[in-house]
Amino acid sequence: MNDDKRFDGDRKDLERFMDGVVQRNPDEKEFHQAVHEVAADVLPFIAEHDRYQRGKLLERMTEPDRVVSFRVSWIDDQGQPQVHRGWRVQFNNAIGPYKGGLRFDPGLTESVLKFLGFEQCFKNALTGLPIGGAKGGANFDPKGRSDDEIMRFCQALMNQLVHYIGPNRDIPAGDIGVGQREIGYLFGQYRTLTREFVGALTGKGVSFGGSELRTEATGYGVLYFVQDMLDRADGDLDGQRIAISGAGNVALHAAEKAIALGARVVTLSDSGGTMHDADGLEREQLETVKRMKQDRGCRIEQVAEKLGWDFQEGKAPWAAECDIALPCATQNELDGDDAQTLIDNGCRLVAEGANMPCTADAVERFQDADVLYAPGKAANAGGVAVSGLERAQNAQHLVWTRDRVDDELQKIMRDIHDRCERHGGDGNGGPVNYRKGANIAGFEKLADAMIAQGVL
Ligand code: NDP
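Keep in mind that this is a model prediction, so the values were computed, not measured.

1. Considering a negative patch on the surface
Next, step 1: On the surface, a cluster of negative charge is made up of Asp-231, Asp-234, Asp-236 and Asp-238.
Next, step 2: Of note, Asp-238 is situated in the loop between α8 (214-232) and β6 (241-245).

2. Regarding the site of the ligand
Next, step 1: The local shell around the ligand holds 24 residues, among which Asp-175, Thr-218, Ser-271, Arg-299 and Asn-355 are the closest.
Next, step 2: A distance of 3.2 Å separates an oxygen atom of the ligand from a polar side-chain atom of Arg-214.
Next, step 3: In the environment of the ligand, an oxygen atom lies 3.5 Å from a nitrogen or oxygen atom belonging to the backbone of Gly-248.
Next, step 4: Within the complex, 81% of the 890 Å² of free accessible area of the ligand lies under protein.
Next, step 5: Elements with a minimum of two residues in the shell around the ligand: α8, α9 (249-260) and β7 (264-270).
Next, step 6: Looking at side-chain class alone, the shell around the ligand contains six nonpolar, 11 polar and seven charged residues.
Next, step 7: Split by domain, the shell around the ligand shows at least three residues from each of two domains, domain 2 (66-198) and domain 3 (217-379).

3. Let's talk about the pairing of strand β8 (residues 273-276)
Next, step 1: Across four bridges, β7 lies against β8 in antiparallel orientation. Considered in β8, the bridge of Ser-269 is made with Thr-274.
Next, step 2: In sequence, β7 turns back onto β8 through a hairpin of two residues.
Next, step 3: Alignment of β8 against strand β9 (residues 310-313), held across four bridges, turns out to be antiparallel. Within the sheet, the bridge partner assigned to Gly-273 lies in β9 and is Glu-313.

4. Notes on the sheet that holds β9
Next, step 1: Strand order in this open sheet of seven strands is β9-β8-β7-β6-β10-β11-β12, and the pairing throughout is mixed. The sheet is open, and its two borders are formed by β9 and β12 (372-374), each paired with just one other strand. Direction aside, the axes of adjacent strands within the sheet are offset by 15° on average.
Next, step 2: Across three bridges, the pairing between strand β11 (residues 349-351) and β12 is parallel. Each bridged residue has a counterpart across the sheet, and for Val-350 the counterpart in β12 is Tyr-373.
Next, step 3: Each of β7, β8 and β9 touches helix α11 (residues 300-307); the most contacted strand, β8, lies at about 20° to it.

Calculation notes
- Residues numbered from 1 in each chain as written.
- Predicted model: local features only at pLDDT ≥ 70, side-chain atom pairs only at ≥ 80, totals over all residues.
- Heavy atoms only, no water.
- Patch = residues over 30% accessible without salt bridge, like charges linked within 9 Å, V, L, I, M, F, W, Y side chains within 5 Å.
- Areas by Shrake-Rupley, 256 points an atom, 1.4 Å probe, with all protein chains shown as cover.
- Salt bridge = Lys/Arg side-chain N within 4 Å of Asp/Glu carboxyl O.
- Lys, Arg positive; Asp, Glu negative; His and termini not counted.
- Charge placed at Lys NZ, Arg CZ, Asp CG, Glu CD.
- Helix = DSSP H or I, 4+ residues; strand = E, 2+ residues; numbered from the N terminus.
- Near = heavy atom within 4 Å.
- Polar contact = N/O pair within 3.5 Å; in protein donor to acceptor, adjacent residues only side chain to side chain.
- Nonpolar A, V, L, I, M, F, W, Y, C, P; charged D, E, K, R; others polar.
- Domains from an automatic or database assignment.
- Pairing = 2+ DSSP bridges.
- Axes fitted to C-alpha atoms, helices over the stretch in contact; angles between N-to-C directions.
- Contact = heavy atoms within 4.5 Å.

Now the structure itself:
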């Protein structure tokens, strides 16, 4: 951290920088992976710009402002006390109040939350909205819990989280395991504890301050981004075969928009396996999937049986023949071998609906094979963008129409695409390195704000 050597932009800089990150954050492999991916693009950029050499900007950006953890005790339906751990990682608020989702996942660790919080800073900067980066959640498994248990857990979590959040301080939203129902319970408890009805959470129900289209925004945004990538490459979505992983909020809304834009969705999955059909999902079939998954908590295996689709137990979707792959489930769900299979089967575009779903090896293979690749911090920014718009509506005490929010979402996704192109293109209309473009554009915005505000 206190090494004063300037960056030259070579491989040694990266190794030296990463050695420091690993030493300061031992055993946090997801966090190391996310930082490495950014540093590989940003260090050469810093080396070329004197303005960014001073001030140890990347060192400061990789150190969260604070990490808080707390006990969450609650009573289950059998009257037994249960104890979980909750966290909030407030990463950087140089461009706006902290903002990022809450995740409920029994395997959640501080490393995962730090990687997500770090990515969120760059993603939020890319949206052009005034929002900083954070992430949080609990090592709680909502699967198999009754509605009453979910409510009591959310209330217990908020009893602690309330001390750290607020409409101008930190505004959490949903993520894996946290949807509109959970946000409703969290918001109700926040309102009760603070005796204020303010926009301290986003992803709320539309009847109590939520934004139209927030639920759909991440998945729809991924498809708008893919459309922009294809436009630039003189392609379109019509008839394209799309393999999607996951069957949650992001995956199902990505599927919905893909179908609306004329594409064929040939897979969906969950942690139990993949359902596959080469003809693709019909719109009515997607409604059945949504009902079964969202309302009744069915597994993809049951959905496949109902629709008469092929089900591959324990398998990810990456062996399916497709033109486009959209990993929309979780981190590191697509590795180098999966990438090679996709490439061999003719896949030409990969956009991340999930956060860091592709391993570093997978990304390298896509780039080596000239597969168009969009990182999550660009492609899945539609969710936080509409959260930003929800915040704006709450502050204005207004409710925008669905069409207005959709127009804004499309514009924001196009602006993100253009920012990626500006820093990741060759300036001559050649292919865009979206990863590099997203990393540098996000860094630049954050770095300029940090420089202007002094060393803090
Ligand atoms: P959900 O909880 O709604 O859905 C997650 C889906 O992924 C479920 O179908 C789940 O299946 C599946 N899944 C989880 N873990 C695995 C695994 N190890 N292998 C295979 N499938 C798995 O979450 P979201 O859709 O909200 O989030 C998905 C991803 O998108 C995450 O990476 C999240 O951080 C990211 N994201 C979400 C945003 C949002 O607005 N919600 C915004 C931006 C990014 P199962 O039921 O079997 O666990």
